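Fold and contact review
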Amino acid sequence: MAVAQADLLCSACGGQCAYSPRARALVCESCGTEHTIPHDGATDAARESAYDGSAPDAPIRETEQVHSCETCGGSVVIRGAALSERCSYCDGPLVRQLEDVGFEAMALIPFQEEEDVAWRNALSWAAARVAAPKDLVDRVSEGRMATLYAPFFTFDSTDLVDYWGTYTVKRGKSRVR
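Residues numbered from 1 in each chain as written. Predicted model: local features only at pLDDT ≥ 70, side-chain atom pairs only at ≥ 80, totals over all residues. Heavy atoms only, no water.

1. Describing unusual backbone geometry
- Despite not being glycine, R24 shows a phi value in the positive range, around 50 degrees.
- Residue placement: R24 occurs in the loop between β1 (17–20) and β2 (25–28).
- In the Ramachandran plot, D91 falls in the positive-phi region, its phi being about 65 degrees despite a non-glycine side chain.
- Here D91 shows up in the loop between β6 (84–86) and β7 (93–95).
- With relative accessibility at 38%, the residue D91 sits in the partly exposed group. (Helix = DSSP H or I, 4+ residues; strand = E, 2+ residues; numbered from the N terminus. Buried < 20%, exposed > 50% of the residue type's maximum accessible area, 1.4 Å probe, protein only.)

2. Focus: the nonpolar core
- L8, C10, C17, Y19, L26, C28 and V95 form the largest nonpolar core, which has 7 residues in total.
- Other than its neighbours up to four places away in sequence, L26 contacts D7, L8, C17, A18, Y19, T33, E34, H35 and I37. (Core = buried A, V, L, I, M, F, W, Y, C linked by side-chain atoms within 4.5 Å. Contact = heavy atoms within 4.5 Å.)

3. Describing the confidence of the model for the protein
- Per-residue confidence for the protein averages 76 on the pLDDT scale, and 67% of its residues sit at or above 70.
- The secondary-structure element of the protein with the lowest mean pLDDT is strand β9 (residues 174–176), recorded at 69, while strand β3 (residues 34–35) shows the highest, at 93. (pLDDT = per-residue confidence, 0-100.)

4. Structural notes on helix α1 (residues 115–127)
- For α1, with 13 residues, the first-to-last C-alpha span of 18 Å sits near the 18 Å given by 1.5 Å per residue.
- Among the residues of α1, V117, W119 and A126 are the ones counted as buried.
- Buried residues along α1 sit in contact with α2 (136–142). (Expected span 1.5 Å × (residues − 1).)

5. With respect to the sheet that holds β1
- The 3 strands lie next to each other as β1-β2-β3, forming an open sheet whose pairing is antiparallel. With partners counted over all chains shown, the strands left at the sheet margins are β1 and β3, one partner each.
- In the sheet, β2 pairs with β3 via 2 bridges, with the strands oriented antiparallel. The residue bridging V27 from the neighbouring strand is E34, located in β3. (Pairing = 2+ DSSP bridges.)

Written out as structure tokens, the structure reads:
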């Protein structure tokens, strides 16, 4: 199902709606009205699909595209594989049109966590890093949390990452590197 940016406007007040994992619906940021998201129920977003090598590949999407915000009229550049972005002028949601997409999505898995929970998880992860820069938690807390609808392809794989680093710890009166 194609989604236009106008579909994200509240029918009650004209405000901008955003997906709420808690409500599992679009919620107006102005008046709080919840709008259910219609779906056909036939697509199981969590299932894996086998790769069909006989199907022709769809054209690759442009890496940069100028998109006109339907809320304020501002021009915003959407880069890479992102299907959605926030307007840098009015902070409204921008959604690429279906004809701009190289691959049609079979399903969309909704976000499972609210933004405040995602922030707590990100800060907890940063604080637990051993040998991370001293200001990592500060840098993470200064960042911006952004929801992103992007195509992700999963492959069954096993990965091994090898890295090294040095850090100093204090044991008693001596420092060990």
